[in-house]
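What follows is the residue order along each chain.
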Amino acid sequence: MTTSPLHSLDIRLLRYFAVVAQENNMSRAAQRLFMSQPPLSRHIRQLEDRLGVTLFVRHTRGLTLTEDGQRVLEMVRPLLDLQDKTYVALSQLTQAGEPSLRLGLSTAFEQGVFAALESQLTTHVQKRHIVRHGSPELARQVRRGKLDAALVALPLETSGLSVTPLGWQESLIVALPAFWPEAALPSLSLTSLSHRPLFWFKRERNPAYFDYTRHIFSRAGYSPACIEEPLEHDVLLARIAQGDGLSLLPASFSAIQRRGVIFLPLTDSELRISTGLVMLPENVKKLEWLQTVMTQSLINSD
């Protein structure tokens, strides 16, 4: 047994470090890791303290690896790659036994719309592991072999993946504070909301969908002041309820009853969010049945 003071080092710290090194930006790395920036900064400082080296030079444009940081990155990459491969190998142990499925479901939609799908899956596979994340993260996990397939929101950057549109989509609706005068109207146009702040995501979180929506905003003459959107929907709705701004969400979120928040349709908007099934190309034939099950289940959920 090693007596090194690092023998108890949490491998998650190394994973966090590697993501920050890839992004060269603490905020973008925090978004990829689905955590807030302050705890991530604390984890990086903790790792620096444990190793006794400075890993990054901090500056106004982001972060730059130091020479020590570059050496540490080169040392930990094989370990992290081995961890990923080990998890994939362990998950494949089930393939020789009962049918199994590792499936991602996008949190771009209110999760109740997937109830019929999850029920249908029980008749096709005995073992199911459902992961719920944003669509970009699900696509990354499919590429790495951590998921067999994922139901994602489109448009989305899907290089290296097979994408099957599912023919099911939702219009975006307005979520706004109940005490705003606009909440008393039956519907709203985008331009009527230009003077109100909009909770919206940064482009690096999902470039393809960001560009799609911005193009529609521009055509409609909609140019609101934007506030960075919280990652958690409950936090977003709480901030809307207190009047900090409005948001544009898929229609399924209107099923959420949140005091102080009103959901209204848009009268003149092309804004929609579509669905697709993504998987590695080598899995397409094996998972043909999944496309059929998903399409039927989503249609039945309308």
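Residues numbered from 1 in each chain as written. Predicted model: local features only at pLDDT ≥ 70, side-chain atom pairs only at ≥ 80, totals over all residues. Heavy atoms only, no water.

Going by an unreviewed UniProt entry, the chain carries the name LysR family transcriptional regulator and comes from Citrobacter meridianamericanus. The UniProt entry for the chain carries the following comment under Sequence similarities (unreviewed entry): "Belongs to the LysR transcriptional regulatory family." (UniProt positions renumbered as here; feature names shortened; annotations may be inferred.)

Visitor: Would you mind showing me how to read the layout of surface pockets here?
Guide: Empty space among the atoms becomes apparent when a probe as large as a water molecule is rolled across them. Counted as a void, the largest pocket has a volume near 870 Å³. Along its surface, the largest pocket is lined by 38 residues, and G134, S135, P136, R205 and N206 are the ones closest to its centre. Elements with a contribution of two residues or more to the lining of the largest pocket: α2 (26–32), β4 (127–133), α6 (135–143), α7 (207–220) and β9 (247–250). Top element by residues in the lining of the largest pocket is α6. It accounts for 6 residues. (1 Å grid on protein atoms, 1.4 Å probe; cavity = no way out; pocket = protein on both sides within 12 Å on 5 of 7 lines; lining within 4 Å. Points joined across faces, edges and corners; volume = space filled by probe spheres on them. Helix = DSSP H or I, 4+ residues; strand = E, 2+ residues; numbered from the N terminus.)

Visitor: In this structure, what is going on with the side chain of T213? I would like to understand it.
Guide: Its place among the elements puts T213 in helix α7. Ignoring any residue separated from it by four or fewer positions in sequence, one finds T213 in contact with W200 and L271. (Contact = heavy atoms within 4.5 Å.)

Visitor: Before we go on, may I ask you to explain the packing of helix α1 (residues 11–23) against helix α3 (residues 37–51) in this structure?
Guide: When two helices pack together, their arrangement is captured by the angle between the axes and the distance separating the axes. Their axes nearest at 9 Å, the elements α1 and α3 cross at an angle of 110°. Classified by the angle their axes make, α1 and α3 are roughly perpendicular. Relative to α3, α1 is oriented so that their crossing is left-handed. Facing α1, whose interface residues are L13, L14, Y16, F17 and V20, α3 presents L40, H43, I44, Q46 and L47. Looking at the contact of α1 with α3, its residues break down into 8 nonpolar, 2 polar and no charged. (Axes fitted to C-alpha atoms, helices over the stretch in contact; angles between N-to-C directions. Parallel < 35°, antiparallel > 145°, perpendicular 65-115°, else oblique. Left-handed = near helix turned anticlockwise from the far one by under 90°. Nonpolar A, V, L, I, M, F, W, Y, C, P; charged D, E, K, R; others polar.)

Visitor: Teacher, can you tell me more about the packing of aromatic side chains here?
Guide: The way to describe two aromatic rings as a pair is by their centre distance and the angle between their planes. A full pass over the atoms with the stated rule returns 9 aromatic pairs. Ring centres 5.4 Å apart and planes at 45° place the aromatic pair F109 and W168 in the tilted group. Taken as a pair, F109 in the loop between β3 (100–106) and α5 (115–121) and W168 in strand β6 (residues 162–177) lie far apart in primary sequence, 59 residues in all. The two residues F109 and W168 agree in class, both being buried. Here W200 and F217 contribute two aromatic rings whose centre-to-centre distance is 5.5 Å and whose plane-to-plane angle is 50°, an arrangement assigned as tilted. Residue W200 is located in strand β7 (residues 198–200), and its partner F217 is located in helix α7; the two are separated by 17 residues in the primary sequence. Residue W200 shares its accessibility class with F217, and that shared class is buried. Taken together, the ring pairs in this structure connect W200, F201, Y209, F210, Y212, F217 and Y222 into an aromatic cluster. (Phe/Tyr/Trp six-rings, centres within 6.5 Å; stacked < 30°, edge-to-face > 60°. Buried < 20%, exposed > 50% of the residue type's maximum accessible area, 1.4 Å probe, protein only.)

Visitor: Any chance you could explain α1 here in plain terms?
Guide: In an α-helix, one turn spans 3.6 residues; hence positions three or four apart end up facing the same way. The end-to-end C-alpha distance of α1, which contains 13 residues, comes to 19 Å, matching closely the 18 Å that a straight helix rising 1.5 Å per residue would cover. Taken together, the buried positions of α1 are occupied by L13, L14, Y16, F17, A18, V19, V20, A21 and E23. At the C-terminal side of α1, N24 shows a positive phi close to 55°. (Expected span 1.5 Å × (residues − 1).)

Visitor: Which parts of the structure should I look at to understand the environment of E270?
Guide: Its location among the elements puts E270 in the loop between β10 (261–264) and β11 (272–279). For E270, a relative accessible area of 41% corresponds to the partly exposed category. What E270 contacts, discounting residues up to four positions off in sequence, is Y212, I216 and R219.

Visitor: It is not clear to me how the UniProt feature "domain: HTH lysR-type" (unreviewed entry) in the chain should be interpreted in this structure. Could you clarify?
Guide: When the UniProt feature table is mapped onto this chain numbering, "domain: HTH lysR-type" (unreviewed entry) sits at residues 9–66. Spanning residues 9–66, this segment combines 60% helix with 14% strand, and its end C-alpha atoms are found 21 Å apart.

Visitor: Before we go on, may I ask you to explain the pattern of salt bridges in this structure?
Guide: Side chains carrying opposite charge are able to pair once their charged atoms draw close together. Applying the stated criterion across every chain yields a total of 16 salt bridges. For R132, the salt bridge is made with E118, and the minimal N-O distance between the two is 3.0 Å. Within this pair, whereas R132 is found in strand β4, its partner E118 is found in helix α5, the two being separated by 14 residues in sequence. Salt bridges sharing partners connect three or more residues here, namely R15, D84 and K146. (Salt bridge = Lys/Arg side-chain N within 4 Å of Asp/Glu carboxyl O.)

Visitor: What exactly am I supposed to notice about the nonpolar core here?
Guide: Buried together is how nonpolar side chains tend to be arranged in soluble globular proteins. L151, L246, L248 and L290 are the most contacted members of the largest nonpolar core, which has 43 residues in total. Contributions of two or more residues to this core are made by β3, α5, β5 (149–154), β6, β7, α7, β11 and α9 (288–301). A total of 5 residues in this core trace back to one element, the largest contributor, which is β6. Not counting residues up to four positions away in its chain, the partners in contact with L248 are L172, I173, V174, L190, L198, W200, F217, Y222, L266 and L271. (Core = buried A, V, L, I, M, F, W, Y, C linked by side-chain atoms within 4.5 Å.)

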